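# What the coordinates show
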Amino acid sequence: MVELSTLRVFLAAAEEKNFSQAAKRLHMSQSAVSQNVQAIEREYGVELFLRRGRSVELSEAGQSILPQVREVLRAARLLEDSLQEVNNQIGGELLIGCSTSAGKYLLPALLGSFQKEYPAVQPRVKIMGREGVYERVLNQTIPMGVASKAFEHRDIECQPLFDDRIILIVPIDHPWSGFGRALPDDLLDQPIIMREEISGTCETVLQGLKPHGITPDMLNTVMELGNPEAIEMAVERGVGIAFVSEMIAARGIAMGRVKRVELEGFNLHRTVYMARHVGYPFTRAQSFFWEFAISQRDQLNTEIWESLVNFAGR
């Protein structure tokens, strides 16, 4: 009989599509991951993965058993949860997919507070694109996700979690730096660094530009980056100006490396949501965290947000 630990290795390798990344996720060596997979393949005479250099892809046989493996591991988690309930314990893994910049900063604070109440819980935040969060919540490969968009699907429940503020930053020697203000039309003459089009930040910015008659083709986009921290660093180096989450810019602003500029008529906010599949059977740890996050919504938008922004500025 295949052991649960071996199935966990198979699932991690299938989701990461890379034995090295699976090893990091499971805190194992890469050779141990390979040996676990090879053990199943030898035992049952099947090829589960197609090896292609450093990456791997599921074979037809691997794809056929993947849903069953997920179901077995999900049942095992629920069994473990029931056993812990006998001793009134709350524990187990708490996996959350996250696609937002601010979420990377706020979720650890939220999870830290939750773990103080339930120290046996093991949180794990997996960073991915917004569409990745949607797909994984929908196909129930992750129990819940945090994204800058409410997913409109009958099987997905979304709850607003916090309000993300998007600000404009410029290099410290920029002409706008001293005055601290600018007009929307002034953007047209400026080199701008943008997030990729599928990001929530880019979507929010483009929606904010519409009422001012500014379309994407009118902007002088000199660089497009998928990493918000890299955008902030590019602004520091004078590559251009950029719209970023306030939290991403907090350290650079406080240390005098970039300058915040108010754009007249602009007040860019986006709501960040927490999502789950209505048919996904939560463990008690997952249920408790879902309710805990909702109960902390007001604090997350005030005290926790401000404390993290202020901490980033020290």
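Being a predicted model, the structure only gives us computed values, none of them experimental. (Residues numbered from 1 in each chain as written. Predicted model: local features only at pLDDT ≥ 70, side-chain atom pairs only at ≥ 80, totals over all residues. Heavy atoms only, no water.)

## Brief notes about the overall build of the protein
How we decide: Helix and strand definitions here come from DSSP, where helices need a minimum of 4 consecutive H or I residues and strands a minimum of 2 consecutive E residues; each element is numbered from the N-terminal end. Burial here depends on accessible area, computed with a 1.4 Å probe over protein chains only, as a share of the maximum for the residue type. Under 20% is buried, over 50% is exposed, and the range in between is partly exposed. Note on definitions: a residue-residue contact is assigned when non-hydrogen atoms from the two residues lie within 4.5 Å. Here the Shrake-Rupley method, with its probe set to 1.4 Å, supplies the accessible areas, and only the displayed protein chains count as covering residues.
Scanning the protein from N- to C-terminus turns up twelve helices and twelve strands. In the protein, which comprises 314 residues, the share counted as buried stands at 46%. The contacts of the protein with a sequence gap of at least 6 include a subset with a gap of at least 24, amounting to 74%. Split by element, the accessible area of the protein, about 15900 Å² in all, is 49% carbon and sulfur.

## Focus on the pattern of salt bridges
The line we're drawing: Salt bridges are identified by distance alone: a Lys or Arg side-chain nitrogen within 4 Å of an Asp or Glu carboxyl oxygen.
Taken as a whole and judged by the stated rule, the model has 15 salt bridges. Ionic pairing is found between Glu203 and Arg130, a salt bridge with its closest N-O pair at 3.1 Å. Of this pair, Glu203 sits in helix α8 (residues 200-209) while Arg130 sits in helix α6 (residues 130-138); the two residues are 73 residues apart in sequence, bridging distant segments of the chain. The class for Glu203 is partly exposed, based on a relative accessible area of 35%. On the basis of relative accessible area, Arg130 is assigned to the buried category, the value being 9%. In this structure, the salt-bridge partner of Arg165 is Glu246, at a minimum N-O distance of 2.6 Å. Placement of the pair is Arg165 in strand β6 (residues 156-171) and Glu246 in helix α10 (residues 246-254), with a sequence separation of 81 residues. Taken together, the shared-partner salt bridges in this structure form one network comprising Glu15, Glu16, Arg25, Arg70 and Lys126.

## A closer look at the packing of helix α1 (residues 4-16) against helix α3 (residues 30-44)
Under the convention used in this document: Between N-to-C directions, angles span 0 to 180 degrees; the directions come from axes that are lines fitted to C-alpha atoms, helices contributing only their stretch in contact. By the definition adopted for this analysis, an angle is roughly parallel if under 35 degrees, roughly antiparallel if over 145, roughly perpendicular if from 65 to 115, and oblique otherwise. Nonpolar residues are Ala, Val, Leu, Ile, Met, Phe, Trp, Tyr, Cys and Pro. Charged residues are Asp, Glu, Lys and Arg, and all others, Gly as well, are polar.
Relative orientation of the contacting elements α1 and α3 amounts to 110 degrees, with a least axis distance of 9 Å. One element, α1, and the other, α3, form an angle in the roughly perpendicular class. Contacts from Thr6, Val9 and Phe10 in α1 reach Val33, Asn36, Val37 and Ile40 in α3. Tallied by class, the residues present in the contact of α1 with α3 amount to five nonpolar, two polar and no charged.

## Quick word on helix α11 (residues 284-295)
Inclusion rule: By definition here, a helix of n residues has an expected span of 1.5 Å times n minus one.
If you check α11, its first and last C-alpha atoms are 16 Å apart, about what twelve residues at 1.5 Å a residue would give, namely 16 Å. Turning to α11, its buried residues are Arg284, Ala285, Gln286, Phe289, Trp290, Phe292 and Ala293.

## Re unusual backbone geometry
Located in the positive-phi region is Lys17, a residue other than glycine, with phi close to 55 degrees. Along the polypeptide, Lys17 turns up in the loop between α1 and α2 (19-26). Positive phi, close to 65 degrees, is recorded for Gln140, a residue that is not glycine. Looking at the secondary structure, you find Gln140 in the loop between α6 and β5 (144-147). Residue Gln140 is classed as buried on the basis of its relative accessible area of 19%.

## Structural notes on the state of the cysteines
The term disulfide refers to a covalent linkage connecting the sulfur atoms of a pair of cysteines. To keep it simple, the criterion reads: Here, two cysteine sulfur atoms that lie within 2.5 Å of each other are counted as a disulfide.
Tallied over the entire structure, the rule returns zero disulfides. Summary of cysteine pairing: Cys98 is not part of a disulfide, and the nearest cysteine sulfur, belonging to Cys158, is at 14 Å.

## Here's the deal with the pairing of strand β3 (residues 92-98)
For clarity, the cut-off: Here the rule is simple: two strands pair whenever DSSP picks up at least two bridges between them. Seen with the strands pointing away from the viewer, any crossover whose path from the first strand over the helix to the second strand runs clockwise is right-handed.
Burial analysis of β3 places six of its seven residues in the buried class, the great majority of the element. With seven bridges connecting them, β3 and strand β4 (residues 121-127) associate as parallel partners. Within β4, the position partnered with Leu95 by the bridge is Arg124. Each parallel crossover has a hand, and the one from β3 via helix α5 (residues 101-117) to β4 is right-handed. The sheet contact formed by β3 and β5 spans three bridges and is parallel. Paired with Cys98 across the two strands is Val146, which belongs to β5.

## So, the packing of aromatic side chains
Filter applied, for reference: The aromatic pairing rule takes the rings of Phe, Tyr and Trp, using the six-membered ring of Trp, and pairs them if the centres are within 6.5 Å, calling planes under 30 degrees apart stacked, those over 60 edge-to-face and the rest tilted. Only lysine NZ and arginine CZ atoms are considered, and such an atom sits over a ring when it is within 6 Å of the ring centre and within 35 degrees of the ring normal.
Taken as a whole and judged by the stated rule, the model has ten aromatic pairs. Look at Phe114 and Phe292: their rings are 5.4 Å apart centre to centre, the planes differ by 55 degrees, and that puts the pair in the tilted class. Here the residue Phe114 occupies a position in helix α5, and Phe292 occupies one in helix α11, the gap between them amounting to 178 residues. With respect to class, Phe114 is no different from Phe292; both count as buried. Look at Tyr134 and Phe151: their rings are 5.1 Å apart centre to centre, the planes differ by 55 degrees, and that puts the pair in the tilted class. Of the two residues, Tyr134 is situated in helix α6 and Phe151 in the loop between β5 and β6; the sequence distance between them amounts to 17 residues. Above the ring of Trp290, the side-chain terminus of Arg276 is found at 4.4 Å from the ring centroid.

## Things to note about the environment of Thr215
As a reminder, the rule being used: The definition of a polar contact used here is a pair of N or O atoms within 3.5 Å, where within protein one atom must be able to donate a hydrogen and the other to accept one, and adjacent residues in sequence count solely through side-chain atom pairs.
The topology assignment puts Thr215 in the loop between α8 and β9 (220-225). Sequence separation between Thr215 and Leu188 is 27 residues; the distance between their C-alpha atoms is 10.0 Å. A polar side-chain atom of Thr215 sits 2.6 Å from a polar atom in the side chain of Asp217.

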